[in-house]
Amino acid sequence: MRKNLGMLALIMAFWFTISFITNILGPLIPDIIHNFNLSDLAMAGFIPTSFFLAYAIMSIPAGLLIDRFGEKPVLFGGFLMPFIGTILFACMHTYPMLLASSFIIGLGMAMLQTVLNPLQRTVGGEENYAFIAELAQFMFGIASFLSPLVYTYLIRELDPATYTAGKGFFIDLLADITPREMPWVSLYWVFTILLLVMLIAVGVSRFPKIELKEDEKSGSKDSYLALFKQKYVWLFFLGIFCYVSTEQGTSIFMSTFLEQYHGVNPQTDGAQAVSYFWGLMTAGCLVGMILLKLIDSKRLLQISGILTIILLLSALFGSKEVAMIAFPAVGFSISMMYSIVFSLALNSASQHHGSFAGILCSAIVGGAGGPMIVSTLADATSLRTGMLTSSFQNDKNFYFIEKGIARSYCVINDKELTSWFSTEGDIVFSTNNFYGNQQGYEYEVVQLLENTVLYAVPIKDLEKLYQTNIEIANWSRILHQEAFIMNEKRLISRLYKSAEERYIELLQTRPDLFQRVNLGYIASFLGISQVTLCHLRNKIK
């Protein structure tokens, strides 16, 4: 093995690159939602779904490509696909291009993982395969731990509120080619550079020919049909599917949850939580190697499952402090599940191991299903118990809020601009309908941000009361006077006060908003970018 140390180091660099790119979506989701004005989480969920669908589609064809063309062309193609995907989005930063980029990256990553597993066995030797596989898993975890930290660093350095030229050649270059309002796009340029280095490394390297063992080869159609008839095959498939769904669903939406429910800055503390998730997963793999020597694998799987359920419930329903610990800890509790389920599955089959392994690998499509299930349910309910969101654009009622919070916004040039927040004791209605379908209000919408208790009065009935009840008419007059004064104050604030002064004023008068409202909505209300808001939150504690 010693003479192949250089080749093994290169393979470890390949694994590092794969993980550094594929496990960064969690910290990016809040930015994606805000910058592309996505109306629901399902739109954000399409991004990891497109990646893992591509992974599922390409896994089997990648094996056929290895048989026909060899490992080096597949390796080169595997890095070329994500190189194309990252540079496309880095140059054309739109939501459709991001979806296409994720799909293209997924195709390449499937090719790479298909070729790297047998390649590292060939290079390292059969006797060292277990150690090398664990080392690859360790490198995978280290990269997943580092990528959110790199993201936070780039966001901080490229913050338009603080960036000044002269910070260094690389940062200045990224500032020149990255949109000011989307500093996270700079990460895709980092991906592009890293992938270019890998392409060059593959181009100048010579790789040994991969000889697949019998249990690594896919069997005939009859072997698949025989396996599909076995109940245990479907149960193990479901186990892998649920594991990957849990892993990806937690890591991808963790930062979004912490922002929405606890006001955690997704670009700093939220990204750090995701980093710790992957870091603890890496530590869990090392601890798992020891525990498997002491505890039966089935028993250890049961303990991991129970611990994961407890941690997830604590993260979802606990305080901010509890969630900040419990979410990353989930990474530790699930770290041993994949390898245990996979090994138990193969040990339960007396034949057709290659075909069975292929079926189990296809269950990684759970990475597509998990985020989509989470985001769809979140849109129908909430990330916790049931966020209720509804549009009042064509509503004919006047509402009093007993419990809950709503925001009013207009859609201008496909961008949501928040105009007001209404909470307990406030009123809310569609301005368009209340003032008789006036031009210029066509796009005003009221959105409920929590489970809300409302009392409705039809607008037409309220208008009748104005004509017959002087007290109701005076109440409406006073209400409009107060609204006019508040809007005038806000106009003066926007015209003559700095972003920092507006932020401090809102923090002093409405501190509850920062615990209940998406930071993107607050930034829009203040007339600043979310990056600037995050900078102000870090500056003013």
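Residues numbered from 1 in each chain as written. Predicted model: local features only at pLDDT ≥ 70, side-chain atom pairs only at ≥ 80, totals over all residues. Heavy atoms only, no water.

Time to look at the overall build of the protein. Helix and strand counts for the protein stand at 23 helices and six strands. Considering only contacts within the protein whose residues lie at least 6 apart along the sequence, 78% involve residues at least 24 apart. Surface summary for the protein: the accessible area is close to 25500 Å², and the carbon and sulfur share equals 63%. (Helix = DSSP H or I, 4+ residues; strand = E, 2+ residues; numbered from the N terminus. Contact = heavy atoms within 4.5 Å. Areas by Shrake-Rupley, 256 points an atom, 1.4 Å probe, with all protein chains shown as cover.)

So, about a nonpolar patch on the surface. Together, L135, F138, L286, M289, I290 and L294 line one region of the surface with nonpolar side chains, adding up to about 550 Å² of accessible area. Looking at the nonpolar patch, the element that brings in the most residues is helix α11 (residues 269–294), giving four residues. Tracing the backbone through its elements, the reader meets L135 in helix α6 (residues 129–157). We classify L135 as partly exposed; its relative accessible area is 33%. (Patch = residues over 30% accessible without salt bridge, like charges linked within 9 Å, V, L, I, M, F, W, Y side chains within 5 Å. Salt bridge = Lys/Arg side-chain N within 4 Å of Asp/Glu carboxyl O. Buried < 20%, exposed > 50% of the residue type's maximum accessible area, 1.4 Å probe, protein only.)

Our next topic: the side chain of T192. Note on placement: T192 falls in helix α8 (residues 186–204). Ignoring anything within four residues of it in the chain, the contact list for T192 reads F83, T86 and I87.

Moving on: the pattern of salt bridges. In total, this model carries five salt bridges according to the counting rule given. One salt bridge in this structure joins D512 and R516, with 3.9 Å as the shortest N-O distance. Look at the salt bridges and you will find they share partners, linking E424, R510, D512 and R516 into a network.

Attention shifts here to the nonpolar core. Counting 107 residues, the largest nonpolar core has F14, I32, F36, L75, F79, L116 and W184 as its most contacted members. For this core, the leading source of residues is helix α5 (residues 95–124), giving 13 residues. When sequence neighbours within four positions are dropped, the list of residues in contact with L75 reads F14, L112, V115, L116, L119, V202 and F207. One finds V517, F525, L533 and I540 within the second-largest nonpolar core, a separate group that totals 17 residues. (Core = buried A, V, L, I, M, F, W, Y, C linked by side-chain atoms within 4.5 Å.)

It is worth spelling out the packing of helix α18 (residues 459–468) against helix α19 (residues 470–496) at this point. Where α18 contacts α19, the two axes come as close as 6 Å, and the packing angle between them is 115°. The angle between the axes of α18 and α19 places the two elements in the roughly perpendicular class. Here the hand of the crossing between α18 and α19 comes out left-handed. In this structure, α18 uses L462, L465, Y466 and T468 to contact α19, whose residues at the interface are I470, I472, A473 and S476. Taken together, the residues of the contact of α18 with α19 sort by class into six nonpolar, two polar and no charged. (Axes fitted to C-alpha atoms, helices over the stretch in contact; angles between N-to-C directions. Parallel < 35°, antiparallel > 145°, perpendicular 65-115°, else oblique. Left-handed = near helix turned anticlockwise from the far one by under 90°. Nonpolar A, V, L, I, M, F, W, Y, C, P; charged D, E, K, R; others polar.)

With respect to the helices and strands, the residue E416 is situated in strand β3 (residues 415–422). Residue classification places E416 among the buried residues on the basis of a relative accessible area of 16%.

One pass over the full model with this rule turns up two cavities of 30 Å³ or more. Roughly 120 Å³ of internal volume is contained in the largest cavity. When contributions to the lining of the largest cavity are tallied by element, the ones reaching two or more residues are α1 (5–22), α3 (41–69), α5 and α8. Here the lining of the largest cavity takes three residues from α5, the largest share from any one element. Of the residues contributing to the lining of the largest cavity, the split by class is eight nonpolar, three polar and no charged. (1 Å grid on protein atoms, 1.4 Å probe; cavity = no way out; pocket = protein on both sides within 12 Å on 5 of 7 lines; lining within 4 Å. Points joined across faces, edges and corners; volume = space filled by probe spheres on them.)

Moving on, we come to the pairing of strand β1 (residues 397–403). Of the strand pairs in this sheet, β1 and strand β6 (residues 453–458) are connected by six bridges, and their pairing is antiparallel. Its bridge partner lying in β6, I401 is registered against L454. Here three bridges tie β1 to strand β4 (residues 427–429), and the two strands are oriented antiparallel to one another. In the sheet register, F400 faces β4, and the bridge partner there is I427. (Pairing = 2+ DSSP bridges.)

Turning our attention to the sheet that holds β1. Reading across from one edge, β4-β1-β6 is the order of the three strands in this open sheet, with antiparallel pairing throughout. The sheet is open, and its two borders are formed by β4 and β6, each paired with just one other strand. Between one strand and the next, the sheet's axes are offset by a mean angle of 30°, whatever the strand orientation. Sheet strands touched by α18: β1 and β6. Its angle to β6, the strand with the most contacts, is close to 60°.

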